[in-house]
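Okay, here's what each chain looks like letter by letter:
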Amino acid sequence: MKLDIGGNETIPTSVDALWVALNDPAVLTRCIPGCKSMTEIAPDNYKVDMQLRVAAVGGSFEGEIQLSDKQAPKSCSIRVSGAGTLGHGNGTARFDIEPDGEGATRLVYKGTGEIGGLVAGVGQRILASVSKHLIGRFFVALRKEFESPISRAAG
Amino acid sequence: MSEAEIPLKFVSSNRRVREDRRFVAGQGHYVADVALEGLLHVAVLPSQHPAARIVSIDASEALRMPGVHYVLTGEELAKAAEPLMNGLNTPHVKRYPLAVGQVRYAGEWVVAVVAESRAQAEDGAEKVRVVYEPLPYVIDSEEALDLSSTPVHPAHGSNVLLDRTFVWGEVDKHFAESPRHLSFRVTWGRNSTVPIETFGVAAKWDPWREILDVWASIQMPKYSDQIARALRIPLNNVRVHQDVDVGGSYGVKRGIKQTVIVSHLARRLGRPVRLIEDRLDNMRAGDAHGPDRIFDVEVAFDNDGIVKSMKMRALDNAGAYAGRAPFQLGKPIGAIVGPYKIQSVKYRAISVTSNKAAQEAVRGFGQAPTNYAIETAIDKVAAALGLDRIEIRKRNFIRSEEFPYLIPSGTRYDSGDYHTVVAKVLAHADYEGLKRERDELRAQGLCAGIGIAACLEPSGGNSSFEPLLNDANKTTTWMESCRINVDGLGFVTVTIHTTSSGQGHETLAATVVGEVLEIDPDQIRVVRPDSLNSLPGNSPVGSRMAIMLGGAAFHAAKKLKAKIVRLAAHQFGCVESDIVYQGGATSYPGSSRKLTWAEHVNIAHRNFHLLPDGMEPGLEVTHVLQVPTANKLPENGRVQMYPCHSFEFHLVLVVFDPEIGKPKIRRYVIGHDCGTVINPHIVKGMTLGGIAHGIGASLLEEFVYDSEGQMLTQSFMDYLLPSSHEVPHVEIVHHCTPSPFTVFGQKGSGESGYLGSPAAISGAINDAVSPYGISFAKLPIRIAAISDAIAAAKATKEKVQS
């Protein structure tokens, strides 16, 4: 089944810092929900291992992420493909990064994906909301990356 | 053949269904209850792609998982087994239990993992790594019919499995003569019977005795033959245990691929092996989907509503493999004009492969979709002429004095009295009152509609559609058998030679034998020997067992009674025709002597010196019954399909809120005539269940595939079944027109209710939305479809007004 995603998020950091973070496998491993590991296998090519649950089904997912059309620090395309016990999927998305007022950056994303296997068969009714939820968790984690230790303690 | 002279004592009487006691008490014995020492369990890995080449399979990690014994691939199994049976002469549409080289639908089984427990096998399956190279696929039926579409089986060359056009009678002339024509398209969505118990099978190989023992939740003709052929072993090395209860089927329990997998594994591993599908296995790849069919219908009629001729094109989506699915286009040929005197028919039957799950037999074997198309045509003719929908049916019905009635496609209907059944239903339901009730509901702002369906249940199943659609197939024999043995202490044991999936065959056989021998059926034991001890048979398909097992049991009991009479005549020194047989005892009117049941038994078992010359000792008889009327191959595209034709007439009132669109069945009346009823509880249960099934087919149930070939309704959260909320109280109006072709005048009822309820409910919904100028041409009609269509119609109306 086809899946469309899109939206924008404001991150409390500079354009350059966000660009660096989004190109750092260590940061992405911490932010991508269920991501166990992310290994660079070639420049801008990563292997990822994930453990996810969607509705009543849970399982592991092995995939590859490729970055392309990089225009640092403004935009980049991302291609994700993979398969696992949950099903298989592939998708592409485009990210645009732009300043958003004082000390903040706006990340605009838009993409499409195709999903098959168990996730499509069992979870399709809630797939759109689950994908929103997972994207939401990604940005919550990403924001945390830029919160200062002081504000974290205060929070 | 009818035994009208003797009043029936047990047949048709209000007697308990003997099987019900064990089912209600939870004491059924299902395949999962069969305890085998050292049993191993199988889990299967499904394909995630609708079409893909299998590049590689890596099972090394799976084999290291705890409890995992073995991982079976399609390549290995294809070397050890023949392809599964294909009903058509399409040798390049090969089907193996596990995908070989290529997957052809999402969900198709790719490997089978064997472990100490099912849980360990599932964990193992998760670790099997399969690399696929996705291939082009086709899902839509019309697209598949297009010769430029990607063939599901490249070696076959196209997706067309079957494309046959039959012309019965002077269709062109009748169309030219008729002042009015109309045409339309309706679509029957892919659904099934989804039994509570999924398919399961256990197999054990004994190398010292060279016997493969099989226990399965099966309902399939020639099951053991198919196992032996697939595994290339003698048929007498296969022993199918038929004393396994089957937790629901109505056609779909055809687990041959599952059986070949576990049988091969049992031989390979030297341990008993079991595969019990979970719900997801069953829904997406249990070979349990029913017809998936588009009808294009054109009818020619006059201004009085008399339908003279019909052209029907039925395009059926068989899914990825051929199997027996295309035959579901063939069986309805035996009732292609329904209960109507349509004089000529042109029928084009097309079956195509697609990248959906393989289709299998479902209750009615294609008849319910065909009835839906025919009944829609009759409704449309009524609407075109502004005639009442019941009036138009009455005008077109075959009249009771016209039976046996030969329809254009070569089947002779046995008997019926459609006008009387309709009159009884209308009197019971108060049709005029029902129309007033509908109109009052409409006046309250609700959508309300009346649905009507009149249709036939062809019964007594044989397989005439096989030679009709496959010239290489010359099968005309489609028998069923019964054995009766009276033991040395006088107790009666009847054997039946098939599994049962809730049809009450034990009650049927005991009732019939008790009737003929005039002994209490409750004293009769009914057993199911294994397949090696069985007489020939074809299992309970095609609504046949009341006719076929009932008939075989009747004839066997008659033979037994004749033997007792001959034995008695020898004692009395009289001719057999002078003997009076009553309640198991015999007497000779010229003498005061009487022989009791026990005395007959004693002579037969112990006094050889008292037996007539040439009589074998003991009291044991068998009878093998051929389907009545089934005595020749098709000629010129015409054939006698099934022998008997039950009739049902549905009258339904549906109501719903136009905003919400959730139909509520406010009244459901069915007139039902299946000839002589052998057990009224069984017939009632079949009819109620059939109507519930039809509610599912018309409003809820569908195996939906998206345009990427993924099945979206794999669980009961998405594949909706009717529950007690949707199934109304059903009023059954009985009528009995005996069949001249069966022993008691009985006809089939295993598909009753289901064959007409989808047509009736669809008609009711369409009547309800008719004030909006819309109608629905595809089943199921889901809630969202109703509310969306009404909203769209309202919006269009407002736009026009503004």
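Per chain, the residues get numbers from 1 upward, laid out in the order the sequence is written. Think of it this way: whatever chain is written first is A, whatever ligand is written first is 1, and the rest follow in order. Residue-level local features of this predicted model are given only where pLDDT is at least 70; pairs of side-chain atoms are given and counted only at 80 or more, and the full residue set underlies all totals for whole chains, interfaces and linings. Note that water and hydrogens are dropped before the side-chain values are worked out from all heavy atoms of the structure.

1. Points about the state of the cysteines
All names here are of chain B. The definition used for a disulfide is geometric: two cysteine sulfur atoms within 2.5 Å. Considering all chains together, one arrives at zero disulfides over all chains under this definition. Cys644 provides the cysteine sulfur closest to Cys482, a residue in no disulfide bond, and the two sulfurs are 18 Å apart. Only protein chains enter the accessibility calculation, which uses a 1.4 Å probe; a residue whose area is less than 20% of its type maximum is buried, one above 50% is exposed, and one in between is partly exposed. Residue Cys644 is classed as buried on the basis of its relative accessible area of 0%.

2. Points about the sheet that holds strand S23 (residues 585-587) of chain B
Backbone hydrogen bonds are what pair the strands of a sheet, in a parallel or an antiparallel way. Residues and elements named next belong to chain B. Being paired, for any two strands, means DSSP has found at least two bridges between them. The helix count covers DSSP runs of H or I at least four residues long, the strand count covers runs of E at least two residues long, and both are numbered beginning at the N terminus. Taken together, the three strands give an open sheet; going across it, the order is S22-S23-S24, and neighbouring strands pair in antiparallel fashion. Two strands lie at the open edges of the sheet, namely strand S22 (580-582) and strand S24 (594-595), each paired on one side alone. Where S22 and S23 come together, three bridges link them in antiparallel fashion. Residue pairing for S23: Gln582 is matched across the bridge by Ala585.

3. Quick notes on the sheet that holds strand S29 (residues 778-779) of chain B
Residues and elements named next belong to chain B. With mixed pairing, six strands are arranged side by side in an open sheet as S7-S15-S14-S13-S8-S29. Edge positions in the open sheet fall to strand S7 (160-168) and S29, since each of these has one partner strand only. Alignment of strand S8 (residues 180-188) against strand S13 (residues 293-301), held across nine bridges, turns out to be antiparallel. Residue pairing across strands places Leu182 opposite Val299, the latter belonging to S13.

4. Describing empty space enclosed by the protein
Residues and elements named next belong to chain A. The method works on a 1 Å grid over the protein atoms by themselves. A cavity is a set of points holding a 1.4 Å probe that cannot get out, a pocket is an open set with protein on both sides within 12 Å along at least five of seven lines, and residues with an atom within 4 Å of a point line them. Grid points are joined across faces, edges and corners, and a volume is the space filled by probe spheres set on the points. Going through the model one piece at a time under the given rule, you end up with seven cavities of 30 Å³ or more. Approximately 1,200 Å³ is the volume attributed to the largest cavity. As for the largest cavity, its lining consists of 45 residues, and the residues nearest its centre are Ile5, Ile32, Met50, Val80 and Ile135. Among the secondary structure elements, those contributing two or more residues to the lining of the largest cavity are strand S1 (2-11), helix H1 (15-22), strand S3 (45-54), strand S4 (57-71), strand S5 (75-84), strand S6 (87-99), strand S7 (105-116) and helix H3 (118-146).

5. Considering helix H12 (residues 418-429) of chain B
An α-helical segment advances 3.6 residues per turn. Residues three or four places apart therefore align on the same side. Residue and element names in this part refer to chain B. Along its twelve residues, H12 runs 16 Å from first to last C-alpha, staying within 8% of the 16 Å computed at 1.5 Å per residue. Along H12, the positions that sit buried rather than exposed are Tyr418, His419, Val421, Val422, Val425, Leu426 and Ala429. In an axial view of H12, the angular spread of the buried residues amounts to 160°, which keeps them on one side of the axis. Once H12 finishes, Asp430 follows within two positions and takes phi at roughly 55°, a positive value. Every helix has an expected span of 1.5 Å times one less than the residues it contains. Arc definition: directions from the helix axis to the C-beta atoms.

6. A short note on the confidence of the model for chain A
Taken residue by residue, chain A gives an average pLDDT of 85. The fraction at 70 or more is 92%. Across the chain, each position has a pLDDT score giving the predictor's confidence in that residue, from 0 to 100. Residue contacts follow a heavy-atom distance rule, with two residues in contact if any of their heavy atoms lie within 4.5 Å. Note on residues 151-155 of chain A: pLDDT is under 50 here. Beyond four places in sequence and across chains, it has three contacts.

7. What about the pattern of salt bridges?
All names here are of chain B. The working definition used for a salt bridge is a side-chain nitrogen of Lys or Arg within 4 Å of a carboxyl oxygen of Asp or Glu. In total, this model carries 57 salt bridges over all chains according to the counting rule given. Taking the shortest distance from any N to any O, the salt bridge between Glu391 and Arg395 comes out at 2.8 Å. In this pair, Glu391 and Arg395 both sit in helix H11 (residues 389-396), four residues apart, roughly one turn of the helix. Here Arg395 falls in the partly exposed class, since its relative accessible area comes to 32%. Between Lys778 and Glu702 there is a salt bridge, with its nearest N and O atoms 2.9 Å apart. Note that Lys778 is positioned in strand S29 and Glu702 in the loop between helix H18 (680-700) and strand S28 (731-734), a separation of 76 residues in sequence. Accessibility expressed as a relative area gives 37% for Lys778, which makes it partly exposed. By relative accessible area, which is 14% here, Glu702 ends up buried. What emerges from the salt-bridge pattern is a single network uniting Arg389, Arg438, Asp439, Arg442 and Asp767.

8. Notes on the packing of aromatic side chains
We describe a pair of aromatic rings using the distance from one ring centre to the other and the angle between the two ring planes. All names here are of chain B. Pairing of aromatic rings covers Phe, Tyr and the six-membered ring of Trp, with a centre-to-centre limit of 6.5 Å; geometry is then stacked below 30 degrees between planes, edge-to-face above 60, and tilted otherwise. Enumeration according to the criterion identifies 16 aromatic pairs over all chains in this entry. Note on Phe166 and Trp168: the rings are 5.1 Å apart at their centroids and 15° apart in plane angle, and the pair reads as stacked. Of the residues examined, Phe166 reaches a relative accessible area of 4% and is grouped as buried. The buried category is assigned to Trp168, whose relative accessible area is 1%.

9. Remarks on the pairing of strand S10 (residues 211-216) of chain B
All names here are of chain B. Most of S10 sits out of view: six of its six residues are buried. Of the two faces of S10, the one holding Ile211, Asp213 and Trp215 and the one holding Leu212, Val214 and Ala216 are both buried throughout. Two elements, strand S9 (residues 200-206) and S10, share six bridges in a ladder whose sense is antiparallel. The partner of Trp205 across the bridge, within S10, is Leu212. Connecting S9 to the next strand, S10, in antiparallel fashion are four residues, including Glu210 with a positive phi near 55°. The crossover handedness rule: strands pointing away from the viewer, path from first strand over the helix to second strand clockwise, crossover right-handed. Of the crossover connections in this fold, the one passing from S10 over helix H7 (residues 223-231) to the parallel strand S11 (residues 238-241) is right-handed.

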